[in-house]
Each structure stands twice: as structure tokens, then as C-alpha cells.
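For reference, the chains in residue letters:
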Amino acid sequence: MFHSKLASAIAVLWLSSALSPAIAGSDRQAPEVAPQAQSSNYGGGLIEFMMTGRSPQPSARALPRAPRNIASAATGEAEPQAFSSGPAGYEMPHKAVDPAFVKQEVSFDGQQAAGSIVIDTSNKFLYLVESPGRALRYGIGVGRPGFLWHGEKTITRKAEWPDWTPPVEMIKRRPDLPSHMVGGIANPLGARAMYLGSTLYRIHGTNEPDTIGTNVSSGCIRLTNDDVTDLFSRVRVGTKVFVM
């Protein structure tokens, strides 16, 4: 009896295959069938078909894994997101800068030579003198009360995505600060820095563009990352800086 059933089943399968070559050779995929909650004890395949009349179910497939972050795989750290709108391309998401502090070409009545930088701390503007009577004007953030200063300095060094080492005096005021921070989008010095003489002061970028036009720093002059990148490309080591 068993051999008769087996022979009949094989004949049915062979005949089905022979009559449907188009389906067998089709490049359309058969619809997926949900896996059974419980498997049978017949081992699947032809034996299960003969004993139960059920077609064997495909085994459950593992769900595809979400792609791994490349930086995470390599360093254990999440890859930083890039934001933004201009040359630097790395602004953190904050409120837009007040239009009054957007970079623009303006008339300039100072006596400083072309190529000089003039910083007006009262009005929160930095001027890059282009020619007699003309300058590029950038909005800036300056020192908070007690940290404003004035004088003439020279740019002695330039750095892209600079590291930051808070001075001892700042660590005393803010013990929560790190002793050192590598350059990057979260670094308070932003995308570029221009160091002023032998002082601790710099003209640098910021990841907080909404602080432009305010008294916020410990004496440094800050611009948006887009603006500091633009200024950085226009000046050289040796440029005179006049802080008024």
C-alpha cells in the first residue's frame, strides 16, 4: 500500500512539472508564504505531503540587518552628521543669524591698510579692509562683560578644525570643561581659527551661530563657521588685527 501511494505521488509531481514548463521557467518570484508557528514531525518534503496533504512550508528567513554605521564599526563612535548651508558645511542646528550680522560689503572710513582686520567690539562687527573706503563686514560674538579687550595684534597662526585646550584660568572657572578637545563639529573653536600674537585670544568659528551679535566669549572673537571659513581664505599669517 505504501509503495503504491509513493509511486502515485511521484507520478503526480512529474506530470505537474511536465505540463507547466512555462511556470517552472518563469522569472517571476512565487509569493512568500508565512512560516508555520509550529513545525510538523514528518520532516517536511515529499513524506509530509503524502502523510498530511500539506505542501511543505519554507523555513523562516532572518530579517535583514540594518546597515552598520561605518564609523561605528571602525571606531565604536557614531559617525557625525553634517549640517548646512555654506562653504564650511558643518553648522549645528540653531536659530538663524540676525540679518544685521550677515556678511556684506560696506563702505568703510577707517585709515587701516587694505588686508587689515578691524574689530568693532561695541557693534559686534569685524571688517576686512578691501580698499580705501570699502570693506567686507562680518557679524561676530565678542567677550562678555569683564572679558572685553582692545589693542593691535597680528595673526601668528592659522588652523583648520583646530583642537581646543582650555587655559588653566578657564578650567578654574569651569571645572566641568575637558582638559583637551580634538577638532570637529562639536568643538567650540569651530571650523577655523586664527591665533592672535602670543595671547590666548583667537578669531574662530562657532557651532552656536545664534550667539553672533552677543557678548558671550572669554575674549575670543567668534564668527559662524561659514564666515570664519571665508575670512580664513582671505587672510594670511602676518595680517594686522585692530581690536577697538
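Residues numbered from 1 in each chain as written. Predicted model: local features only at pLDDT ≥ 70, side-chain atom pairs only at ≥ 80, totals over all residues. Heavy atoms only, no water.

Asker: Please give an account of the overall build of the protein chain that cites residues and values.
Answerer: The secondary structure content of the protein chain amounts to 6 helices and 11 strands. Put simply, 61% of the contacts in the protein chain that link residues at least 6 apart link residues at least 24 apart. Accessible surface, the protein chain: about 15500 Å² in total, of which carbon and sulfur atoms supply 56%. (Helix = DSSP H or I, 4+ residues; strand = E, 2+ residues; numbered from the N terminus. Contact = heavy atoms within 4.5 Å. Areas by Shrake-Rupley, 256 points an atom, 1.4 Å probe, with all protein chains shown as cover.)

Asker: Account for the pairing of strand β4 (residues 134–139), naming residues and giving values.
Answerer: For β4, the tally of buried residues reaches 5 of 6 residues, placing the bulk of the element in the interior. Sheet analysis places strand β1 (residues 104–107) next to β4, joined by 4 bridges and oriented antiparallel. Note that in β4 the partner of Glu-105 across the bridge is Leu-136. Relative to β4, strand β3 (residues 125–131) runs antiparallel, the two being bridged by 6 bridges. Directly across from Tyr-127, in β4, lies its bridge partner Arg-137. (Buried < 20%, exposed > 50% of the residue type's maximum accessible area, 1.4 Å probe, protein only. Pairing = 2+ DSSP bridges.)

Asker: With reference to specific residues and values, describe the environment of Ser-217.
Answerer: Note that Ser-217 resides in strand β9 (residues 215–217). Sequence separation of Ser-217 and Val-142 is 75 residues, and the distance between their C-alpha atoms is 5.7 Å. For Ser-217, the contacting residues outside a window of four places in its chain are Val-142, Gly-143, Arg-144, Phe-147 and Arg-222. There is a polar contact of 2.7 Å between the side chain of Ser-217 and the backbone oxygen of Cys-220. (Polar contact = N/O pair within 3.5 Å; in protein donor to acceptor, adjacent residues only side chain to side chain.)

Asker: I'd like to hear about the nonpolar core, residue by residue, with values.
Answerer: Grouped together as the largest cluster of nonpolar side chains are 21 residues, with contacts concentrated most on Ile-117, Ile-119, Leu-126, Ile-203 and Leu-231. Sorting the residues of this core by element identifies β2 (117–120), β3, β4, β7 (192–196), α6 (225–234) and β11 (240–243) as the ones contributing at least two each. The dominant element in this core, judged by the number of residues it contributes, is α6, at 3 residues. With near-sequence residues (within four places) excluded, Ile-203 lies in contact with Ile-117, Ile-119, Leu-126, Arg-192, Ala-193, Met-194, Leu-196, Ile-221, Leu-223, Leu-231 and Val-241. One finds Phe-101, Val-118, Tyr-127 and Ile-212 within the second-largest nonpolar core, a separate group that totals 10 residues. (Core = buried A, V, L, I, M, F, W, Y, C linked by side-chain atoms within 4.5 Å.)

Asker: Explain the confidence of the model for the protein chain to me, using residue names and the numbers behind them.
Answerer: Summing up the model confidence of the protein chain, the mean pLDDT is 74 and the portion of residues at 70 or higher is 61%. Predicted confidence is poor over residues 12–51, with pLDDT under 50, and the contacts of this stretch with residues over four places away or in other chains come to 24 contacts. Low pLDDT, under 50, characterises residues 55–92; the predicted model gives this stretch 50 contacts beyond four residues in sequence or across chains. (pLDDT = per-residue confidence, 0-100.)

Asker: Please set out the pattern of salt bridges residue by residue, giving values where relevant.
Answerer: In this structure the tally under the stated criterion is 5 salt bridges. Residues Lys-103 and Asp-230 are paired through a salt bridge, measuring 3.4 Å at the closest nitrogen-oxygen approach. Residue Lys-103 is located in the loop between α4 (70–75) and β1, and its partner Asp-230 is located in helix α6; the two are separated by 127 residues in the primary sequence. Between Glu-105 and Arg-134 there is a salt bridge; the shortest N-O distance is 3.8 Å. (Salt bridge = Lys/Arg side-chain N within 4 Å of Asp/Glu carboxyl O.)

Asker: Before we move on, could you go through the packing of aromatic side chains and cite the residues and values that matter?
Answerer: The geometry of an aromatic ring pair comes down to the distance between the two centres and the angle between the two planes. Scanning the model with the defined rule gives 4 aromatic pairs in all. Between Trp-149 and Tyr-201, the aromatic rings sit 4.6 Å apart at their centres with planes inclined by 10 degrees, giving stacked as the arrangement. Note that Trp-149 is positioned in the loop between β5 (142–143) and β6 (151–160) and Tyr-201 in the loop between β7 and β8 (202–204), a separation of 52 residues in sequence. Through a chain of ring-to-ring contacts, three or more aromatic side chains come together here, namely Phe-101, Phe-108, Phe-125 and Tyr-127. A cation over an aromatic ring shows up here: Arg-137 above the ring of Phe-125, its NZ or CZ 4.0 Å from the ring centre. (Phe/Tyr/Trp six-rings, centres within 6.5 Å; stacked < 30°, edge-to-face > 60°. Lys NZ or Arg CZ within 6 Å of the ring centre and 35° of its normal.)

Asker: Mind laying out the sheet that holds β2, listing which residues take part and the relevant values?
Answerer: Either a parallel or an antiparallel arrangement is found when strands of a sheet pair, and the pairing is made through backbone hydrogen bonds. The sheet built from 9 strands is open, its strands ordered β1-β4-β3-β2-β11-β6-β7-β8-β10 with mixed pairing. Each end of this open sheet is capped by a strand with a single partner; those strands are β1 and β10 (221–222). One ladder, built from 3 bridges, connects β7 with β8; its direction is antiparallel. Following the sheet pairing, Ala-193 is matched in β8 by His-204.

Asker: Mind laying out the environment of Ala-186, listing which residues take part and the relevant values?
Answerer: By the secondary structure assignment, Ala-186 is in the loop between α5 (168–173) and β7. Separated by 20 residues in sequence, Ala-186 and Thr-206 place their C-alpha atoms 8.9 Å apart.

Asker: Could you give an account of unusual backbone geometry, naming the residues involved and the relevant values?
Answerer: Non-glycine residue Lys-124 carries a positive phi angle of around 65 degrees. Tracing the chain through its elements places Lys-124 in the loop between β2 and β3. Judged by its relative accessible area of 11%, Lys-124 falls in the buried class. Phi angles above zero are rare outside glycine, and Trp-161 is one such case at about 40 degrees. Within the secondary structure layout, Trp-161 lies in the loop between β6 and α5.

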